[in-house]
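# Remarks on the overall topology
Chain residues, written in single-letter form:
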Amino acid sequence: MREVLAQAAFQLFLERGFERTTVDDIVARAGVGRRSFFRYFPSKEDAVFPDHERCLAEMTEFLAAVDDSDPVGAVCDAARIVLRMYADNPEFSVQRYRLTREVPGLRTYELSVVRRYEQTLAGHLRGRFGEGGDGELRAEVIAASVVAAHNNGLRLWLRSGGEGDPEEAVDHALDLVRAVWARPVGEVVPVSARPEREAAEAVGAAASTPVSVEAVGAAASTPVSVDGEVVVMVARKGTPMWRVVQQIEAAVGES
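Residues numbered from 1 in each chain as written. Predicted model: local features only at pLDDT ≥ 70, side-chain atom pairs only at ≥ 80, totals over all residues. Heavy atoms only, no water.

## A look at the overall build of the chain
Within the chain, the secondary structure is distributed over 13 helices and two strands. Evaluated residue by residue, the chain yields a buried proportion of 46% over its 255 residues. A fraction of 65% describes how many contacts in the chain between residues 6 or more apart in sequence connect residues 24 or more apart. About 12,900 Å² of surface is accessible on the chain, with carbon and sulfur atoms providing 51% of the total. (Helix = DSSP H or I, 4+ residues; strand = E, 2+ residues; numbered from the N terminus. Buried < 20%, exposed > 50% of the residue type's maximum accessible area, 1.4 Å probe, protein only. Contact = heavy atoms within 4.5 Å. Areas by Shrake-Rupley, 256 points an atom, 1.4 Å probe, with all protein chains shown as cover.)

Shown next, in the form of C-alpha coordinates:
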(Lines give C-alpha, C1' and ligand atoms only; values in the text may rest on other atoms or scores of the structure.)
Protein backbone atom coordinates (compact mmCIF):
# COMPACT_ATOMS: atom_id res chain seq x y z
CA MET A 1 0.00 0.00 0.00
CA ARG A 2 2.86 2.38 0.77
CA GLU A 3 4.23 1.97 -2.76
CA VAL A 4 0.76 2.36 -4.29
CA LEU A 5 0.21 5.63 -2.44
CA ALA A 6 3.67 6.93 -3.30
CA GLN A 7 3.20 6.10 -6.97
CA ALA A 8 -0.25 7.74 -7.07
CA ALA A 9 1.09 10.84 -5.34
CA PHE A 10 4.07 11.23 -7.63
CA GLN A 11 1.99 10.79 -10.78
CA LEU A 12 -0.33 13.55 -9.61
CA PHE A 13 2.57 15.81 -8.69
CA LEU A 14 3.90 15.47 -12.24
CA GLU A 15 0.47 15.96 -13.83
CA ARG A 16 -0.89 18.80 -11.71
CA GLY A 17 2.02 20.15 -9.78
CA PHE A 18 2.88 19.57 -6.15
CA GLU A 19 1.05 22.57 -4.70
CA ARG A 20 -2.15 21.87 -6.63
CA THR A 21 -2.35 18.24 -5.53
CA THR A 22 -4.19 17.48 -2.27
CA VAL A 23 -4.16 14.43 -0.06
CA ASP A 24 -7.76 13.84 -1.13
CA ASP A 25 -6.58 13.72 -4.75
CA ILE A 26 -3.93 11.18 -3.86
CA VAL A 27 -6.19 8.81 -1.96
CA ALA A 28 -8.82 9.06 -4.71
CA ARG A 29 -6.23 8.07 -7.30
CA ALA A 30 -5.00 5.21 -5.09
CA GLY A 31 -8.53 4.08 -4.22
CA VAL A 32 -8.09 4.26 -0.44
CA GLY A 33 -9.19 6.50 2.42
CA ARG A 34 -7.37 9.42 4.06
CA ARG A 35 -6.54 7.32 7.11
CA SER A 36 -4.59 4.93 4.92
CA PHE A 37 -2.49 7.78 3.56
CA PHE A 38 -1.60 9.19 6.96
CA ARG A 39 -0.85 5.72 8.26
CA TYR A 40 2.13 5.65 5.90
CA PHE A 41 2.96 9.32 5.30
CA PRO A 42 2.70 12.22 7.74
CA SER A 43 2.55 14.72 4.84
CA LYS A 44 2.63 15.12 1.06
CA GLU A 45 6.34 15.83 1.26
CA ASP A 46 6.99 12.42 2.78
CA ALA A 47 5.29 10.78 -0.20
CA VAL A 48 7.92 12.30 -2.52
CA PHE A 49 10.69 10.59 -0.54
CA PRO A 50 9.19 7.20 0.33
CA ASP A 51 12.50 5.32 0.18
CA HIS A 52 14.69 7.37 2.51
CA GLU A 53 13.51 5.81 5.77
CA ARG A 54 14.42 2.36 4.49
CA CYS A 55 17.75 3.64 3.19
CA LEU A 56 18.56 5.36 6.48
CA ALA A 57 17.79 2.15 8.36
CA GLU A 58 20.05 0.20 5.99
CA MET A 59 22.84 2.72 6.50
CA THR A 60 22.49 2.50 10.28
CA GLU A 61 22.57 -1.29 10.17
CA PHE A 62 25.63 -1.26 7.91
CA LEU A 63 27.59 1.07 10.18
CA ALA A 64 26.68 -0.96 13.27
CA ALA A 65 28.25 -4.07 11.73
CA VAL A 66 31.22 -2.55 9.86
CA ASP A 67 34.87 -3.10 10.79
CA ASP A 68 36.15 0.00 12.59
CA SER A 69 39.69 -0.26 11.25
CA ASP A 70 38.91 2.33 8.55
CA PRO A 71 36.19 4.67 9.86
CA VAL A 72 36.49 7.16 6.99
CA GLY A 73 36.23 4.36 4.45
CA ALA A 74 33.24 2.98 6.33
CA VAL A 75 31.23 6.19 6.15
CA CYS A 76 32.16 6.58 2.47
CA ASP A 77 30.81 3.08 1.83
CA ALA A 78 27.69 3.94 3.84
CA ALA A 79 27.10 6.95 1.58
CA ARG A 80 27.18 4.64 -1.43
CA ILE A 81 24.06 2.93 -0.05
CA VAL A 82 22.19 6.15 -0.78
CA LEU A 83 23.68 6.29 -4.27
CA ARG A 84 22.49 2.77 -5.04
CA MET A 85 18.98 3.72 -3.94
CA TYR A 86 18.92 6.50 -6.55
CA ALA A 87 20.63 4.40 -9.23
CA ASP A 88 18.15 1.53 -8.84
CA ASN A 89 15.38 3.70 -10.30
CA PRO A 90 16.95 6.34 -12.58
CA GLU A 91 13.71 7.61 -14.12
CA PHE A 92 12.03 8.23 -10.78
CA SER A 93 15.21 9.73 -9.31
CA VAL A 94 15.61 12.22 -12.14
CA GLN A 95 11.93 13.21 -12.05
CA ARG A 96 12.09 13.70 -8.29
CA TYR A 97 15.24 15.79 -8.62
CA ARG A 98 13.53 18.08 -11.14
CA LEU A 99 10.39 18.34 -9.03
CA THR A 100 12.44 19.18 -5.95
CA ARG A 101 14.20 21.98 -7.81
CA GLU A 102 10.83 23.52 -8.66
CA VAL A 103 9.16 23.34 -5.23
CA PRO A 104 10.87 25.22 -2.36
CA GLY A 105 9.00 23.19 0.25
CA LEU A 106 10.40 19.96 -1.16
CA ARG A 107 13.89 21.42 -1.21
CA THR A 108 13.56 22.26 2.47
CA TYR A 109 12.31 18.75 3.22
CA GLU A 110 15.18 17.25 1.25
CA LEU A 111 17.66 19.24 3.34
CA SER A 112 16.21 17.72 6.49
CA VAL A 113 16.68 14.25 5.00
CA VAL A 114 20.28 15.03 4.05
CA ARG A 115 20.90 16.26 7.58
CA ARG A 116 19.68 12.96 9.02
CA TYR A 117 22.16 11.05 6.85
CA GLU A 118 24.93 13.39 7.95
CA GLN A 119 24.06 12.96 11.62
CA THR A 120 24.11 9.18 11.22
CA LEU A 121 27.59 9.29 9.69
CA ALA A 122 28.84 11.75 12.31
CA GLY A 123 27.44 9.60 15.11
CA HIS A 124 29.41 6.61 13.86
CA LEU A 125 32.60 8.66 13.60
CA ARG A 126 32.18 10.12 17.08
CA GLY A 127 32.13 6.56 18.37
CA ARG A 128 35.54 6.12 16.75
CA PHE A 129 37.15 9.51 17.43
CA GLY A 130 35.52 10.48 20.74
CA GLU A 131 32.61 12.66 21.81
CA GLY A 132 34.49 15.83 22.74
CA GLY A 133 37.18 18.20 21.56
CA ASP A 134 38.92 17.59 18.27
CA GLY A 135 37.46 14.09 17.99
CA GLU A 136 33.93 15.44 17.77
CA LEU A 137 35.01 18.22 15.41
CA ARG A 138 36.79 15.72 13.19
CA ALA A 139 33.68 13.53 13.11
CA GLU A 140 31.39 16.42 12.13
CA VAL A 141 33.74 17.74 9.45
CA ILE A 142 34.32 14.33 7.87
CA ALA A 143 30.60 13.54 7.86
CA ALA A 144 29.87 16.89 6.18
CA SER A 145 32.65 16.23 3.66
CA VAL A 146 31.30 12.79 2.78
CA VAL A 147 27.76 14.11 2.29
CA ALA A 148 28.96 17.04 0.18
CA ALA A 149 31.15 14.81 -1.97
CA HIS A 150 28.40 12.21 -2.45
CA ASN A 151 25.79 14.83 -3.32
CA ASN A 152 28.08 16.60 -5.75
CA GLY A 153 28.64 13.41 -7.75
CA LEU A 154 25.00 12.36 -7.47
CA ARG A 155 23.72 15.69 -8.75
CA LEU A 156 26.05 15.63 -11.72
CA TRP A 157 24.40 12.37 -12.71
CA LEU A 158 20.86 13.62 -12.00
CA ARG A 159 21.42 16.79 -14.01
CA SER A 160 22.57 14.65 -16.93
CA GLY A 161 19.17 12.97 -16.94
CA GLY A 162 20.50 9.78 -15.37
CA GLU A 163 22.91 9.06 -18.20
CA GLY A 164 26.07 7.08 -17.65
CA ASP A 165 27.48 5.52 -14.52
CA PRO A 166 26.60 7.46 -11.35
CA GLU A 167 29.25 5.65 -9.34
CA GLU A 168 32.14 7.13 -11.32
CA ALA A 169 31.65 10.73 -10.18
CA VAL A 170 30.70 9.75 -6.64
CA ASP A 171 33.69 7.41 -6.26
CA HIS A 172 36.02 10.15 -7.48
CA ALA A 173 34.58 12.64 -4.99
CA LEU A 174 34.70 10.20 -2.08
CA ASP A 175 38.27 9.24 -2.95
CA LEU A 176 39.22 12.88 -2.45
CA VAL A 177 37.62 12.85 0.98
CA ARG A 178 39.52 9.72 1.95
CA ALA A 179 42.79 11.19 0.65
CA VAL A 180 42.39 14.19 2.93
CA TRP A 181 40.85 12.62 6.05
CA ALA A 182 41.92 8.98 6.21
CA ARG A 183 45.09 9.75 8.18
CA PRO A 184 44.80 8.20 11.67
CA VAL A 185 44.17 10.57 14.57
CA GLY A 186 47.44 11.58 16.20
CA GLU A 187 49.62 10.66 13.25
CA VAL A 188 52.51 13.06 12.74
CA VAL A 189 52.01 15.15 9.62
CA PRO A 190 55.05 15.01 7.33
CA VAL A 191 56.59 18.31 6.22
CA SER A 192 55.35 17.81 2.65
CA ALA A 193 51.78 17.59 3.92
CA ARG A 194 51.85 20.60 6.25
CA PRO A 195 50.10 22.93 3.80
CA GLU A 196 47.17 20.53 3.91
CA ARG A 197 47.16 20.60 7.70
CA GLU A 198 47.43 24.39 7.79
CA ALA A 199 44.54 24.68 5.35
CA ALA A 200 42.43 22.42 7.53
CA GLU A 201 43.32 24.45 10.63
CA ALA A 202 42.35 27.64 8.82
CA VAL A 203 39.02 26.07 7.94
CA GLY A 204 38.37 25.22 11.58
CA ALA A 205 39.28 28.75 12.68
CA ALA A 206 37.00 30.35 10.13
CA ALA A 207 34.25 27.81 10.69
CA SER A 208 31.69 29.47 8.44
CA THR A 209 33.73 29.74 5.24
CA PRO A 210 33.04 27.37 2.30
CA VAL A 211 36.22 25.57 1.33
CA SER A 212 37.02 23.74 -1.88
CA VAL A 213 38.75 20.41 -1.49
CA GLU A 214 40.85 21.48 -4.45
CA ALA A 215 42.78 23.80 -2.14
CA VAL A 216 43.50 21.06 0.36
CA GLY A 217 43.79 18.30 -2.20
CA ALA A 218 46.43 20.22 -4.11
CA ALA A 219 48.65 20.20 -1.04
CA ALA A 220 48.20 16.44 -0.88
CA SER A 221 49.06 16.10 -4.59
CA THR A 222 45.50 15.04 -5.38
CA PRO A 223 44.29 16.32 -8.80
CA VAL A 224 40.84 17.89 -8.88
CA SER A 225 39.00 18.37 -12.16
CA VAL A 226 36.73 21.34 -12.71
CA ASP A 227 33.75 19.15 -13.58
CA GLY A 228 34.24 16.89 -10.59
CA GLU A 229 35.13 19.52 -8.00
CA VAL A 230 34.01 18.75 -4.47
CA VAL A 231 33.21 21.54 -2.08
CA VAL A 232 33.41 20.96 1.66
CA MET A 233 31.44 23.34 3.85
CA VAL A 234 32.53 23.69 7.46
CA ALA A 235 30.21 25.67 9.73
CA ARG A 236 29.79 26.36 13.40
CA LYS A 237 27.50 24.00 15.26
CA GLY A 238 23.97 25.34 15.09
CA THR A 239 24.35 27.07 11.72
CA PRO A 240 21.03 26.75 9.83
CA MET A 241 21.20 23.98 7.25
CA TRP A 242 19.75 26.24 4.57
CA ARG A 243 22.70 28.60 4.95
CA VAL A 244 25.20 25.75 4.69
CA VAL A 245 23.59 24.42 1.54
CA GLN A 246 23.23 27.93 0.11
CA GLN A 247 26.97 28.50 0.42
CA ILE A 248 27.82 25.08 -1.00
CA GLU A 249 25.54 25.61 -3.98
CA ALA A 250 27.02 29.06 -4.54
CA ALA A 251 30.51 27.54 -4.53
CA VAL A 252 29.65 24.86 -7.08
CA GLY A 253 27.70 27.29 -9.21
CA GLU A 254 24.31 25.68 -8.71
CA SER A 255 21.33 28.03 -8.61
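## Examining the environment of Val113
Relative to the assigned elements, Val113 resides in helix 8 (residues 104-129). Residue Val113 is classed as buried on the basis of its relative accessible area, which comes to 9%. Spatially, the C-alpha atoms of Val113 and Leu56 are 9.2 Å apart, while their sequence positions differ by 57 residues.

## Notes on the nonpolar core
Across soluble globular proteins, nonpolar side chains have a tendency to be buried as a group. One finds Tyr117, Leu121, Ile142 and Val146 to be the most contacted residues of the largest nonpolar core, which totals 39 residues. Going through the elements one at a time, helix 5 (52-65), helix 6 (71-87), helix 7 (90-102), helix 8, helix 9 (133-159) and helix 10 (166-181) are the ones with two or more residues in this core. Ignoring any residue separated from it by four or fewer positions in sequence, one finds Ile142 in contact with Val72, Val75, Leu125, Phe129 and Trp181. Formed by 22 residues, the second largest nonpolar core is a distinct cluster that contains Phe13, Val27, Phe92 and Leu106. (Core = buried A, V, L, I, M, F, W, Y, C linked by side-chain atoms within 4.5 Å.)

## Side note on the pattern of salt bridges
Where charged atoms from two side chains of opposite charge come close, those side chains can pair. Under the criterion given, the structure shown has 13 salt bridges. Ionic pairing is found between Asp171 and Arg80, a salt bridge with its closest N-O pair at 2.8 Å. Here Arg80 lies in helix 6 and Asp171 lies in helix 10, a separation of 91 residues in the sequence. With a relative accessible area of 24%, Asp171 lands in the partly exposed category. On the basis of relative accessible area, Arg80 is assigned to the buried category, the value being 17%. Linked by salt bridges that have partners in common, Asp77, Arg80 and Asp171 make up one network. (Salt bridge = Lys/Arg side-chain N within 4 Å of Asp/Glu carboxyl O.)

## Observations regarding the confidence of the model for the chain
Mean pLDDT over the chain works out to 79, with 72% of the residues at or above the 70 mark. Per-residue pLDDT, averaged within each element of the chain, yields its smallest value for helix 12 (residues 213-219) (36) and its largest for helix 6 (95). Note that pLDDT drops below 50 for residues 188-226; the model gives that stretch 49 contacts with residues more than four away or on any other chain. (pLDDT = per-residue confidence, 0-100.)

## Description of helix 6
The terminal C-alpha atoms of helix 6 lie 25 Å apart, and with 17 residues this matches the ideal 24 Å at 1.5 Å per residue to within 8%. By the criterion of burial, helix 6 is predominantly enclosed, with 14 of the 17 residues buried. (Expected span 1.5 Å × (residues − 1).)

## Remarks on a nonpolar patch on the surface
A cluster of nonpolar residues, Met1, Val4 and Tyr40, forms a patch on the protein surface that exposes about 250 Å² of accessible area. One can find Met1 in the segment before helix 1 (2-16). For Met1, a relative accessible area of 45% puts it in the partly exposed group. (Patch = residues over 30% accessible without salt bridge, like charges linked within 9 Å, V, L, I, M, F, W, Y side chains within 5 Å.)

## Comments concerning the packing of helix 8 against helix 9
One way to put it is that helix 8 packs onto helix 9 with a least axis distance of 8 Å and a crossing angle of 135°. The angle between helix 8 and helix 9 places the two elements in the oblique class. Where helix 8 crosses over helix 9, the two elements pack in a sense that is right-handed. From helix 8, Arg107, Val114, Glu118, Leu121, Ala122, Leu125, Arg126 and Phe129 reach across to helix 9, where they touch Gly135, Glu136, Arg138, Ala139, Glu140, Ile142, Ala143, Ala144, Val146, Val147, Asn151 and Arg155. (Axes fitted to C-alpha atoms, helices over the stretch in contact; angles between N-to-C directions. Parallel < 35°, antiparallel > 145°, perpendicular 65-115°, else oblique. Left-handed = near helix turned anticlockwise from the far one by under 90°.)

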